[in-house]
Amino acid sequence: MNRNYNYVLAPKVFCGCSHSRAVIEGDHYVCPSQDGVKKIRRGVLDPIILECAIEFLTLENIAKIAKIVSQEYAKEKQGRLSLASFEARLQTCMREKEKLMARIEDGNVSESELARALELKKEEIQLQALIEQEKKESIVLSESMVMDRLKEVQENVRTDPKYAWSLIDLLIDSITLYEDSALIRFNTGETQKVNTFD
Ligand SMILES: [Zn+2]
């Protein structure tokens, strides 16, 4: 398995004796607390983890993950300033500016009114940029979109390594190494014990 795949997996691997992150030395995951104790070969652990991740992708779990991901996404969105408030402010600015512009055309304005018109123009430009930005970021990530993505990963995971990386990244929270076993914790909260006897 290639280096990029390990790049995604390795930071999720911990040693069971101290729950510190295992380090990679050559072909092995090594305990960080006991001097250089080799825990398991990467060539043994990595394919086991990938197989578990693939098996975890049942239709039921795909639906569950899709729900979790889209809910997380919706929560993040709520934290942002709303598009509606920017749009409302823009309308107010434009109305005030129009009134001033009408007076400017009549040649009937004070200097402070001219300055105010310029201020409003500036704010209008800023608001338009913010609105554009907000629209770009507010793309909805629906459950069905996440499900489609997961099914795409499922179909291609054995033939294209980049799907294997994204599967590991999406599903696996951590892997804790014990003597002849490993405990996999999935991002959904489930755990699974696997034998890793070499
Ligand atoms: Zn250890």
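For every chain, the first residue of the written sequence is number 1, and numbering continues from 1 along that sequence. Residues qualify for local features only when their pLDDT is at least 70, as the model is predicted, and side-chain atom pairs are given and counted only at 80 or more; totals for whole chains, interfaces and linings, by contrast, use all residues.

Per an unreviewed UniProt entry, the protein chain goes by Recombinase zinc beta ribbon domain-containing protein and derives from Dubosiella newyorkensis.

Caption draft 1: A look at the overall build of the protein chain. Only DSSP runs of H or I with at least four residues qualify as helices, and only runs of E with at least two residues qualify as strands; both kinds are numbered from the N terminus onward. Along the protein chain, the regular secondary structure elements total seven helices and seven strands. Mapped from its N terminus to its C terminus, the protein chain presents α and β elements in the order α-β-β-β-β-α-α-α-α-α-α-β-β-β. The C-alpha atoms of the protein chain give a radius of gyration of 27 Å, which is well past the 16 Å a tight globule of 198 residues would have. C-alpha atoms of the protein chain, sized along the principal axes, occupy 90 × 40 × 25 Å. Long-range contacts, defined here as pairs at least 24 residues apart, represent 54% of the contacts in the protein chain between residues at least 6 apart. Radius of gyration here uses only the C-alpha atoms, and the compact-globule reference equals 2.2 Å multiplied by the residue count raised to the power 0.38. A pair of residues counts as a contact when their C-beta atoms, built from backbone coordinates, are separated by no more than 7 Å.

Caption draft 2: Region of the structure containing helix α2 (residues 42-56). End to end, α2 covers 21 Å across 15 residues, agreeing with the expected 21 Å (1.5 Å per residue, within 8%). Here a residue counts as buried when 20 or more other C-beta atoms fall within 10 Å of its C-beta, as exposed when 12 or fewer do, and as partly exposed in between; the C-beta atoms come from the backbone. Taken together, the buried positions of α2 are occupied by Leu45, Asp46, Ile49, Leu50 and Ala53. Angularly, the buried residues of α2 cover 125° about the axis, an arc narrow enough to put them on a single face. Those residues of α2 that are exposed and aimed more than 90 degrees away from the buried face are Gly43, Pro47, Glu51 and Glu55. Here the expected span of a helix is defined as 1.5 Å times the quantity of residues minus one. Throughout, the arc means that of the directions going from the helix axis to the C-beta atoms.

Caption draft 3: Spatial organisation of the sheet that holds strand β6 (residues 181-186). The criterion for strand pairing is that DSSP finds at least two bridges linking the strands in question. Pairing is mixed across the open sheet formed by four strands, whose spatial order is β1-β5-β6-β7. Only two strands of the sheet have a single neighbouring strand rather than two, namely β1 (13-15) and β7 (191-195). Along the sheet, successive strands turn relative to each other by an average axial angle of 25°, direction set aside. Judged from the five bridges that link them, strand β5 (residues 172-177) and β6 form a sheet pairing that is antiparallel. Across the sheet, the residue bridging to Ile172 is Phe186, located in β6. Angles here are taken between N-to-C directions and fall from 0 to 180 degrees, while the axes themselves are lines fitted to C-alpha atoms, restricted in helices to the stretch in contact.

Caption draft 4: Broad picture of the domain arrangement of the protein chain. Each assigned domain of the protein chain is listed with its residue range as follows: domain 1 (3-72 + 145-195) and domain 2 (81-137). Per the annotation, domain bounds derive from an automatic or database assignment of domains. For domain 1 and domain 2, the distance between their C-alpha centres works out to 52 Å.

Caption draft 5: Expanded view of the nonpolar core. In this structure, Ile49, Ile168, Ile175 and Leu177 are the most contacted members of the largest nonpolar core, which totals 28 residues. Of all the secondary-structure elements, those providing two or more residues to this core are β1, α2, α3 (59-78), α6 (143-156), α7 (161-171), β5 and β6. A total of five residues in this core trace back to one element, the largest contributor, which is α7. Once residues within four sequence positions are removed from consideration, Ile175 is found in contact with Lys12, Val13, Phe14, Ile49, Ala182 and Ile184. For this analysis, nonpolar core means a set of buried Ala, Val, Leu, Ile, Met, Phe, Trp, Tyr and Cys residues linked through C-beta atoms within 7 Å.

Caption draft 6: Region of the structure containing unusual backbone geometry. Residue His19 is not a glycine yet carries a positive backbone phi of 55°. Its location among the elements puts His19 in the loop between β1 and β2 (23-25). On the basis of neighbour count, His19 is assigned to the exposed category, with 10 C-beta atoms found within 10 Å.

Caption draft 7: Representation of the sheet that holds strand β3 (residues 28-30) in the model. The strand order across the open sheet built from three strands is β2-β3-β4, with neighbouring strands paired in antiparallel fashion. Both edges of this open sheet fall to β2 and β4 (38-41), since each of them pairs with a single strand only. Put simply, the sheet's adjacent strands are angled 35° from each other on average, direction ignored. By the bridge criterion, three bridges tie β2 to β3 in an arrangement that is antiparallel. Within the sheet, the bridge partner assigned to Ile24 lies in β3 and is Tyr29. Packing against the sheet, α2 makes contact with β3 and β4, and its axis sits at approximately 60° to β4.

Caption draft 8: Highlighting the environment of Ser18. Tracing the chain through its elements places Ser18 in the loop between β1 and β2. C-alpha separation for the pair Ser18 and Cys31, spaced 13 residues apart in sequence, amounts to 8.6 Å.

Caption draft 9: Representation of the confidence of the model for the protein chain in the model. Across the protein chain, pLDDT averages 86, with 91% of residues at or above 70. Confidence per residue, as judged by the predictor, is encoded in pLDDT with a range of 0 to 100. The spread of mean pLDDT over the elements of the protein chain runs between helix α1 (residues 3-9), the lowest at 67, and β6, the highest at 96.

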